[in-house]
Structure formats: structure tokens, C-alpha cells
Amino acid sequence: TLRQGCFSTSTCSGTFKVISLSTTISCPAYTATNTNNALANYVPCSFTACAGVNLVISDCDPTRCSSGVSNDQFIRLSNGTGTEVAMNDDTCSRCSKITYTTKGACQ
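Quantities reported herein were computed from a predicted structural model and do not represent experimental measurements.

Conventions adopted
Residues numbered from 1 in each chain as written. Predicted model: local features only at pLDDT ≥ 70, side-chain atom pairs only at ≥ 80, totals over all residues. Heavy atoms only, no water. Helix = DSSP H or I, 4+ residues; strand = E, 2+ residues; numbered from the N terminus. Rg over C-alpha atoms; globule rule 2.2 N^0.38 Å. Buried < 20%, exposed > 50% of the residue type's maximum accessible area, 1.4 Å probe, protein only. Phe/Tyr/Trp six-rings, centres within 6.5 Å; stacked < 30°, edge-to-face > 60°. 1 Å grid on protein atoms, 1.4 Å probe; cavity = no way out; pocket = protein on both sides within 12 Å on 5 of 7 lines; lining within 4 Å. Points joined across faces, edges and corners; volume = space filled by probe spheres on them. Nonpolar A, V, L, I, M, F, W, Y, C, P; charged D, E, K, R; others polar. Core = buried A, V, L, I, M, F, W, Y, C linked by side-chain atoms within 4.5 Å.

A. Quick peek at the overall build of the chain. Secondary structure assignment for the chain yields one helix and ten strands. Overall, the chain shows an N-to-C arrangement of helices and strands of β-β-β-β-β-β-β-α-β-β-β. Here the chain has a C-alpha radius of gyration of 13 Å; the compact-globule value for 107 residues is 13 Å, and the two agree. C-alpha atoms of the chain, sized along the principal axes, occupy 40 × 25 × 20 Å. Within the chain, the fraction of its 107 residues that count as buried is 37%.

What follows is the structure, encoded as C-alpha cells:
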């Protein structure tokens, strides 16, 4: 599950894509406020991936991510048991991107 949120108490929005070699999943567009770095009030995006799949999760849209835009995203990726496996804040200016290779059973 991808937790889509914002840095600190700010308001942000986005449309993340989960890209693997075989498929692309578009998470629904979201707007969130006061998510405390995607720990509360975040917008979930659930998907299934099996072991060994290389994922790129990104919303590096320059119209939403330039340094002058107040759209400071923060994302967290959890496995099927709810354990956080990756997180990111500001890889592409003020937007977020995670690159992760899945482990374990399909979840």
C-alpha cells in the first residue's frame, strides 16, 4: 500500500503511478492536508506485487513539483503486513519518488 501525503501540516496533491516492467497502475488523484509526513490523514493506494518486481512509484510532474510551488509531497510504501519498506520526500524538487524491489510472497 502506498500512503500518499504531505510534508508536515501542508496541503498537497498528486497522481502517483506505480510502474513495473509488466504494468503501470495509476493511483487515483488525491489532495491531502495535515498528514504529518504521510502518517495521518493520508490517502492510500493499494496494489499487488510479487517478489523480485522492480517498482518505480512517482509523481514527478514539473507543474506540481517545482520549488516555487507549495505542493510538498511525502510518500510511504508498506508491504502486505503493513510494515513500512520505503519512504520518500522531495526526490524531484518538492515531489516524491520511490524505487523499490519487492520481497516475499505476492502481496
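Once the structure has been displayed, the description carries forward.
B. The packing of aromatic side chains, seen in detail. Counted under the stated rule, the structure contains one aromatic pair. Ring geometry for Phe-16 versus Tyr-30: centroids 6.2 Å apart, planes at 20 degrees, classification stacked. Remark: Tyr-30 occurs in strand S5 (residues 30–33) and Phe-16 occurs in the loop between strand S2 (11–14) and strand S3 (17–19); sequence separation between them is 14 residues. Each member of the pair, Phe-16 together with Tyr-30, is buried.

C. Up close: the layout of surface pockets. Put simply, the largest pocket is a space of about 220 Å³. The wall of the largest pocket is formed by 15 residues, among which Ser-78, Asn-79, Gly-80, Thr-102 and Gln-107 lie closest to the centre. Of the residues in the lining of the largest pocket, the class split is seven nonpolar, seven polar and one charged.

D. Examining the nonpolar core more closely. Among the nonpolar cores identified, the biggest contains 18 residues, and Leu-2, Phe-16, Phe-47, Ile-57, Leu-77 and Ile-98 are the most heavily contacted of them. Of all the secondary structure elements, the ones that give two or more residues to this core are strand S1 (2–6), S5, strand S7 (54–58), strand S8 (73–78) and strand S10 (97–101).

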